[in-house]
Structures are given as C-alpha cells and as structure tokens.
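# Notes for the structure review
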Amino acid sequence: RCPARTRLFLSAALPPPACGRVRWWLLLSGLLSLAARRARWRRSCCPVRGGGIVGSPTRARELYWFSNGKLQNPDNMRFTLYKSNDSTNPRKRNQRILAAETDRLSYVGNNFGIGALKCNTLCRHFVGILNKTSGQMEVYDAELFNMQPLFSDEIVESESTENQTKTFREKMDSCIEAFGTTKQKRALNSRRMNSVGSDSLTRAVAKAAESIIDTKGVTALVSDAIQDESQDDSVYLPPCHADAAQPEDVYKFEDLLSPSEYEALQCPSEAFKNVTSEEILKMIEENRHCCFVIEALKSLPPNEESRDRQARCIWFLDTLIRFRAQKVIKRKNALGPGVPHIINTKLLKQFTCLTYRNGSLRNFISDSMKAKITAYVIILALHISDFQIDLTVLQRDLKLSERRMIEIAKAMRLRISKRRVSLAAGGEEDHKLGKLQIPLPPAQNADRQSKRKKIT
C-alpha cells in the first residue's frame, strides 16, 4: 500500500528576491507542520471546507470550492479537466475548465473570463502533501476554481423563450402571484375570473353568429346591413321624400308638426305675430332671442294667414334652439309655463332619452339628440325663408362649428354655396348658404364614421 497522505491548501505571497528567502522557507515549513498535525489521513481526494483537490502528485493541482454550499458526498463527484489546445497564444495556453458531475446537478469552473477568481493573479497557491511514514512533505503549485452550478440548455432556452413571449401584464401577474399582497392577489383573481367570463361570452356570441349565418345566409345579411346603413339617417333626420316634385314636399311640414301641435302654437305665437319694430329693437337690446329669429321677425309677411304661419314656425324654432342649449331636463316644464303641454311632451319624447342618475330617471339630451334638433331647426328655417337659409347665422345661434353644420346640411341634401355679407360695424365676411333645390344632390355617404362623435 502506498503511504497515506494529507492534502492541505495554502496561499502565500511571492517570496522576496534574496535576503528574506531563508525566513520565508522557515515560516512555510512551520505552517505546514502545524497544519499536518490536524490533517486526516486519506488516500482519495477529500474536500476541505467545501472544497477539494484534483490532480496527480507529479503535476500542479487544481483547488476547487462550490459557490452555493458545501460538498456533502465527495465520492459521487466525477471531475473532468479541460485545457486549451492553443499553445502558441500566451493568454490561452493556460486556460482551464474544470467540470464536476453528480447525479442531480453539474458544476463548472474556469480560470478565465468573468467568473474567474482574481486571487489566482494576485497570489500563488500551493498544495502540501505530507508523508507520515517518511515525515517529508512535497509542495506543488495550485490554482483555485470557483464551481458554479450549470443548468440544462433546454431548460434555460425554454424559460427564456417563455419570458420573451409573455406580455408585460402577464409578467406583472406572475410577480403579484409570487410577491403580491393579499389585496393584490384578490384583485388578480377577480380580474382573471372576469376575463374567463368575457371569453365565454365571446365564444357564445361567435357561436350564435355562426348559427345566424348558417340559417339566414351571407347574402341576406349583407343586404340587411346595406339597408340599415341607408336608413341610418333616420336616427336624427326627419323623413325625406327624395322623389318630391317641389322643395316644400321634400321635408313635409306635417312631418314636423301634427295638426294638433300646430293648433297648440297659436296662443304662444301671438306675441311674434303682433310684434312691432320697437319690440324688435328691445329684443335686440335685451338679447332675448337669437339672430335668425330677429331677422325672421323683421321680414314677417303682411298677409294675415302667412304671417300667422310664419309666427308659429318662428316660435317653435326659437323653442327648439333654447331646448337644445340644455343638457339634463330636471322638470317637465323646463322652458317655462308658456310652452303648451302637447309641445312640451313632444320635446321630451322626441328629442330626449331617459337616463338613470342619482336614484331617479331623468331626460337627457345626448349628442345624437342635439344633432336631431339641429336638423329640425334647419328644416323649419327652410320653410320660413323660402328654402334658402344662411347656415353661418344658424351655426352661431346653435353654437356649432362650421364643419359640423356643413356635414348636417349635406346629409340633408342641401346645396352649399358661399356669399359675401356686409356687417353692421363695417366690413364684409363670407357666409355659407344652404338651398333645398330640385333635383336633390346625391346623398353624402362618405366619411361615415361615428355620427355620435362627429355630428353634435
């Protein structure tokens, strides 16, 4: 049997050139003797404080330790040392890679690159092997390796690919699952349950759509969609008779006001019917009515029947403009006691929608309803002004932008023109005119975006 030997790790600075060499060897011999008394006899390579030795007695040793703990069972370790084949390059010929394998995990350490230990370049390490039979010790150069655990490439690649495919929301959800508070985890569970419910609803809608397509057919559905698109203007426009022979029959007056509603306008319109020039000047000073109403009152016809009809139309137009300026109707007589009951009911039923707010139902004037009121105002103004109106004046009275006013006028198939108008304060400005003329121009179906958003 070979004599038992003890392995020892020792780090020492480089010896001085000449004068201190004897002292250095004495100090080294004393340290080696002291360590040899504590060493255990063992023939195989054993770990010391989580490390060990690799190599034969006739060459330099590789010292290793593990970065993530101590080695429990060194007998199950299988070590392999790799060295660089490039012997000409002075930087690469000393490069070494030490690999260790166990049944559970693999470890790798190297003396170059980012993971290399800097102490290999700052200090020289030695290994002393003491033969207790002869009492002599052999000292060898050594190199330190820090063993890092190595995971399988497939696992790392799959994890990296999975992380790349995840969205930011999914990554945040994973963090909340691992480190989130109880409140955050509860909110995450609720959101996931809601998403599951929405997914189920989407699948149910898709299944219902497929069944409708199978039952009715694609051609019938396309024709229905075209018909709905053509009738979309009826949401905010009065009935249009495109085949009419005269302008007054395109938008019939009977579609605006029924005979009973027209009769109800007689009493409140008396003030407009019998208005004088002094009263018109007072209206202008007090700013009680809009510009279109004032101009219409100035040009009332002298004929009794025509004057009465014009006064009723002007009063109803003024009422629509004042009604449009509101947003929520909190009470039935929102415009005052002078409005007849049948007219007030018409306004609430035809130009408002019900909404639930603060525990009660209220009449709400939405943007689409405001567009509908604007269309009715334009038609009334056409009947008042012989089917040619100043759109700029109406636009300012209704507090609309010029672009939106033109959009509604084109949807009503008016012909748009421009005219220079003299101002009272001096100067001129351009006004847009709208005329209802037979034959009607083609309907403007371009830019059919959300009318709820565009036409207000």
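Source: prediction; values computed, not measured.

About the criteria used
- Throughout this description, residue numbers start from 1 for each chain and increase along the sequence as written.
- Confidence filtering applies because this is a predicted model: local features only for residues at pLDDT of at least 70, side-chain atom pairs given and counted only at 80 or more, and all residues used for totals across whole chains, interfaces and linings.
- The side-chain numbers reported here are obtained from all heavy atoms of the structure, hydrogens and water having been left aside.
- Under the scheme used here, helices are H or I runs from DSSP no shorter than 4 residues and strands are E runs no shorter than 2 residues, and both carry numbers assigned from the N terminus.
- The rule is simple: take the accessible area with a 1.4 Å probe, protein chains only, and divide by the maximum for that residue type; under 20% is buried, over 50% is exposed, in between is partly exposed.
- Contact criterion: two residues are considered in contact whenever any of their non-hydrogen atoms come within 4.5 Å of each other.
- The score called pLDDT rates the predictor's confidence residue by residue, from a low of 0 to a high of 100.
- When two cysteine sulfur atoms are found within 2.5 Å, that pair is recorded as a disulfide.
- For two strands to pair, DSSP has to find at least two bridges joining them.
- Angles shown run from 0 to 180 degrees and are taken between the N-to-C directions of axes, each axis being a line fitted to C-alpha atoms and, for helices, limited to the stretch in contact.
- Pairing of aromatic rings covers Phe, Tyr and the six-membered ring of Trp, with a centre-to-centre limit of 6.5 Å; geometry is then stacked below 30 degrees between planes, edge-to-face above 60, and tilted otherwise.
- Both a distance and an angle decide whether a charge sits over a ring: NZ of Lys or CZ of Arg must be within 6 Å of the ring centre and within 35 degrees of the ring normal.

## Considering the overall build of the protein chain
Per the secondary structure count, the protein chain includes 17 helices and 14 strands. Looking at the protein chain residue by residue over its 456 residues, the buried ones come to 35%. Of the contacts made within the protein chain by residues no fewer than 6 positions apart, 59% connect residues no fewer than 24 positions apart.

## Observations concerning the confidence of the model for the protein chain
Across the protein chain, the average pLDDT comes to 76, with 73% of residues at or above 70. Contacts of residues 229-233 to residues separated by more than four positions or lying in other chains number six contacts, the stretch itself having pLDDT below 50.

## Comments concerning the state of the cysteines
The full count for this structure, using the stated rule, is zero disulfides. In this structure C290 is a free cysteine whose sulfur lies 7.0 Å from that of C291, the closest cysteine sulfur available.

## Regarding the sheet that holds strand β14 (residues 428-435)
As summarised here, the arrangement of the three strands in space is β12-β14-β13, forming an open sheet in which the pairing is antiparallel. The open sheet has two edge strands with one neighbour each: β12 (388-390) and β13 (415-422). Within this sheet the neighbouring strands show an average axis-to-axis angle of 30°, counted without direction. Direction of pairing for β13 relative to β14: antiparallel, over a ladder of eight bridges. Across the sheet, R419 pairs through a bridge with H431, a residue of β14. Running at roughly 95° to β14, helix α15 (residues 391-398) makes contact with β12, β13 and β14 of the sheet.

## Looking at the packing of aromatic side chains
What the rule picks out here adds up to two aromatic pairs. Measuring from ring centre to ring centre gives 5.9 Å for F253 and Y262, while their planes differ by 85°; the resulting arrangement is edge-to-face. Across the pair, Y262 and F253 agree in class, each one buried. Ring centres of F351 and Y376 lie 5.2 Å apart, and the angle between their planes is 85°; this geometry places the pair in the edge-to-face category. With F351 in helix α13 (residues 341-351) and Y376 in helix α14 (residues 367-384), this pair connects stretches of sequence that are 25 residues apart. When its relative accessible area of 0% is taken as the criterion, F351 is described as buried. Over the ring of F253 we find R309, and its NZ or CZ is 4.5 Å from the ring centre. It is R312 that lies over the ring of Y262; its NZ or CZ is 4.5 Å from the centre.

## Focus: the side chain of E261
For E261, the position within the fold is in helix α8 (residues 259-264). E261 sits in the buried class, given a relative accessible area of 11%. Leave out the neighbours within four places in its chain, and E261 touches L256, I342, I343 and K346.

## What to know about the environment of I294
With respect to the element layout, I294 can be found in helix α11 (residues 291-298). Each C-alpha atom of the pair I294 and L281 lies 9.1 Å from the other, and the pair is 13 residues apart in sequence. When neighbours within four sequence positions are excluded, I294 is seen to be in contact with I280, M283, I284 and H289.

## Considering the pairing of strand β8 (residues 136-150)
For strand β6 (residues 106-110) and β8, the ladder comprises three bridges, and the chain directions are antiparallel. Its bridge partner being in β8, Y107 is matched across the sheet by P149. The loop that links strand β7 (residues 124-131) with its antiparallel partner β8 comprises four residues; one of these, G135, has a positive phi angle of about 75°.

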